[in-house]
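# Overview (structure and organization)
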Number of protein chains: 2
Amino acid sequence: MISTRKELADLLVDHGFWIPAGVPGLWGRTDRFEAIVRGFDGLIVEIARESGAERIEFPPVVSRDVIRQTGYMESFPELCGSIHSYREHCGRHLDLIDRVEEGGDWSPFLEQMELTLCPAACYPLYPAATGVLPEGGRCFDLSSYVFRAEPSDDPARMQAFRQRENVCMAGPEAVSDWRDEWSDRGLDLLRGLDLPATRVVAGDPFFGRGGKMLVANQIAQKLKFEVVVPVTSSEEPTAVCSFNYHEDKFGSAFDIRTSDGSIAHTACVGFGLERVTLALIATHGPKVAAWPAAVREALSL
Amino acid sequence: MISTRKELADLLVDHGFWIPAGVPGLWGRTDRFEAIVRGFDGLIVEIARESGAERIEFPPVVSRDVIRQTGYMESFPELCGSIHSYREHCGRHLDLIDRVEEGGDWSPFLEQMELTLCPAACYPLYPAATGVLPEGGRCFDLSSYVFRAEPSDDPARMQAFRQRENVCMAGPEAVSDWRDEWSDRGLDLLRGLDLPATRVVAGDPFFGRGGKMLVANQIAQKLKFEVVVPVTSSEEPTAVCSFNYHEDKFGSAFDIRTSDGSIAHTACVGFGLERVTLALIATHGPKVAAWPAAVREALSL
């Protein structure tokens with residue numbers, strides 16, 4: 001029994017999982033929700049540790065240069081979160097205050113900083129990996145809040161949410177195999193939590209007319225898989241994780257090389273921690289104590 | 001033996017704690033650093049749980065209205081992180097791309113969103129608490145990445161960092177006592193980790209000429225205490241936590257009332273998780289295995 005977006009949002013608030021934060025796509029979460037997030041996140045961290053990934057954390061903001069070097073503003077301009085602040089040369093401070101109080105846009109008094117919000121947990125990693133990889137490549141386990149400027153009434157489409165991402169950098173075959181293995185693993189893990197999970201070939205929401213060609217190519221080459229679970233619609237299930245083969249895109253942009261000197265290929269697998277949690281609540285209901293015992297045990301609930 | 005800022009930053013990178021992220025005040029952290037963060041954070045979470053605080057998490061961004069309603073742009077305009085994105089009416093997408101590639105400021109093609117970065121973990125909480133408190137008030141345990149637009153070469157002055165905050169909302173006396181108790185507790189906790197911690201009366205970096213009066217008043221009334229520990233300077237030790245009595249500032253701004261109908265007072269206590277970790281490394285050295293056994297045990301290291 002699938003709820004509508006509004007019904008799910010109301011249920012999350014009424015059952016003490018979420019707290020409205022005054023802006024579409026922005027929510028506070030109680031420990032009732034966070035305990036589920038921690039439980040699922042712990043499962044991925046454990047798998048990543050066993051697979052020998054190096055665990056690294058970056059803050060939720062990233063150098064503006066990374067956005068420039070990856071062509072993010074070409075592909076996803078409407079999702080970006082550029083960061084701006086006041087500097088004394090921007091205008092009189094009293095005029096700024098008046099503008100703020102009027103309730104409008106105060107952009108004219110602000111200057112763009114050298115930072116943007118992080119669009120995916122792996123973005124800060126690539127510039128830090130410039131150079132030659134050890135033989136066999138490197139794998140990483142990352143987690144970060146990420147930002148997408150897309151206000152929505154869909155509880156599963158948040159403007160700020162957490163990704164647990166694993167990244168592999170190596171030669172093309174090793175990277176492609178790694179991505180496929182993680183895709184099997186992710187599907188098994190979610191089905192093991194009694195979620196009606198399906199794997200699909202997917203594309204990114206590239207911007208504009210040129211974007212249509214990019215996504216057609218991405219789908220034709222099966223560069224992206226997603227695992228989807230019904231959350232607020234059976235016809236349009238929600239992607240809860242994605243498995244992306246970037247070919248040499250990031251290796252070229254940041255000069256990451258394999259031990260034989262060729263440009264490294266990369267792939268990332270990302271789990272949307274809030275989305276997985278929503279899928280669990282939508283599937284098993286709002287009373288966590290009534291979830292299947294094996295699911296609760298797996299999630300340490 | 002205290003290092004300079006440069007020496008400490010180099011030591012953190014050389015000993016595998018930090019990864020440069022290309023912008024002053026922005027760093028990636030390895031699990032060697034994060035294990036210390038988790039250990040200390042766990043101690044505060046435990047104290048908060050025992051004290052009956054409700055644990056809530058907010059994302060690192062907050063409604064722009066909260067910034068407006070709290071007068072943040074009057075007091076701290078140069079620290080704000082306003083969030084801007086591209087919308088089709090902002091100008092031609094191809095012109096945006098040209099501007100991005102030129103390497104300059106692309107503000108003219110962006111529009112201010114209804115969101116800013118969160119300046120302190122407690123900001124999103126106050127609007128969520130509008131209404132009447134139960135008798136005895138309410139206490140909360142929060143954690144969030146916070147943002148301050150102040151690029152610096154001081155490793156202890158990051159643009160994005162994590163706060164573990166506790167907040168109390170109640171009548172004036174209860175709130176003031178709560179703040180003082182946490183201040184004793186925080187000092188004991190840090191000294192228990194063999195840190196040379198001192199409590200001082202402190203002020204916030206209010207902006208401009210009017211700000212000088214605000215901070216003088218804040219200090220005269222002892223509204224803010226900090227616990228400081230030498231990190232890169234013995235003469236100017238670093239604040240690792242702060243204990244702030246807001247009087248009725250947030251209660252008035254968001255109409256939070258006590259059970260007898262008066263405007264609630266509030267206080268917050270915030271621990272800078274990275275700063276505490278830096279203080280531990282600066283005090284006990286970069287080899288965690290050689291730290292005092294009791295300190296490692298307390299931090300589960």
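In the block above lies the structure referred to throughout.
A brief structural summary. The residue count restarts for each chain, going from 1 along the sequence in the order it is written. Following the order in which they are written, the chains are lettered starting with A and the ligands numbered starting with 1. Residues qualify for local features only when their pLDDT is at least 70, as the model is predicted, and side-chain atom pairs are given and counted only at 80 or more; totals for whole chains, interfaces and linings, by contrast, use all residues. Calculation of side-chain values draws on the structure's entire complement of heavy atoms; hydrogens and water are dropped beforehand.

## Some points on the relation of the copies chain B and chain A
Formally: The least-squares superposition of copies is restricted to C-alpha atoms, and to residues with a pLDDT of at least 70 in both copies.
Each copy superposes on the other: chain B lies on chain A with an RMSD of 0.0 Å after a rotation of 180° and an axial shift of 0.0 Å. Here the symmetry operator amounts to a two-fold rotation axis. For chain B, the smallest separation between a C-alpha atom and the rotation axis is recorded for Ile83 of chain B, amounting to 2.5 Å.

## What about the packing of helix α2 (residues 31-50) of chain B against helix α7 (residues 172-192) of chain B?
All names here are of chain B. For the record, the criterion: Only the stretch in contact is used when a helix axis is fitted, and all axes are lines through C-alpha atoms; the angle between N-to-C directions ranges over 0 to 180 degrees. Every helix listed is a DSSP run of H or I at least four residues long, and every strand listed is a run of E at least two residues long, numbered separately from the N terminus. It is the rotation of the near helix from the far one that decides the hand of a crossing: anticlockwise by less than a right angle makes it left-handed, clockwise makes it right-handed. Should any heavy atoms of two residues lie within 4.5 Å, those residues are considered in contact. Each residue gets one of three labels, nonpolar for Ala, Val, Leu, Ile, Met, Phe, Trp, Tyr, Cys and Pro, charged for Asp, Glu, Lys and Arg, and polar for the others, Gly among them.
Between α2 and α7, the least distance of the axes is 12 Å, while the angle of their chain directions is 145°. The way α2 lies across α7 gives a crossing that is right-handed. When α2 is examined against α7, the residues Phe40, Leu43, Ile44, Ile47 and Ala48 are found in contact with a partner set consisting of Trp182, Arg185, Leu189 and Leu190. Looking at the contact of α2 with α7, its residues break down into eight nonpolar, no polar and one charged.

## Details of the interface of chain B and chain A
Often, the extent of an interface is quoted as the loss of accessible area upon association of its parts. Convention followed: When two components associate, each loses some accessible surface as probed by a 1.4 Å sphere; the sum of these losses over both components is called the buried area. By definition, a salt bridge exists where a carboxyl oxygen of Asp or Glu is found within 4 Å of a side-chain nitrogen of Lys or Arg. Here a polar contact is taken to be a pair of N or O atoms separated by no more than 3.5 Å, where protein atoms must pair a possible hydrogen donor with a possible acceptor and residues adjacent in sequence count only if both atoms sit in side chains.
If you look at the interface, chain B gives 64 residues, while chain A gives 64 residues. Carbon and sulfur atoms make up 65% of the area that chain B and chain A hide from each other, which totals about 5,400 Å². Here Arg55 of chain A and Asp31 of chain B are joined by a salt bridge, their closest N and O atoms 3.8 Å apart. Joining chain B to chain A, the criterion identifies 24 residue pairs in polar contact (both at pLDDT 80 or more). For the side of chain B that touches chain A, the leading source of residues is strand β6 (residues 111-117) of chain B, giving seven residues. Partitioned by chemical class, the residues of the side of chain B that touches chain A number 34 nonpolar, 14 polar and 16 charged.

## Focus: the environment of Val288 of chain A
Position of Val288 of chain A among the secondary structure elements: in the loop between α10 (273-284) and α11 (293-298). Among all residues touching Val288 of chain A, those that are not within four sequence positions of it are Phe17, Ile36, Arg296 and Leu301 of chain A.

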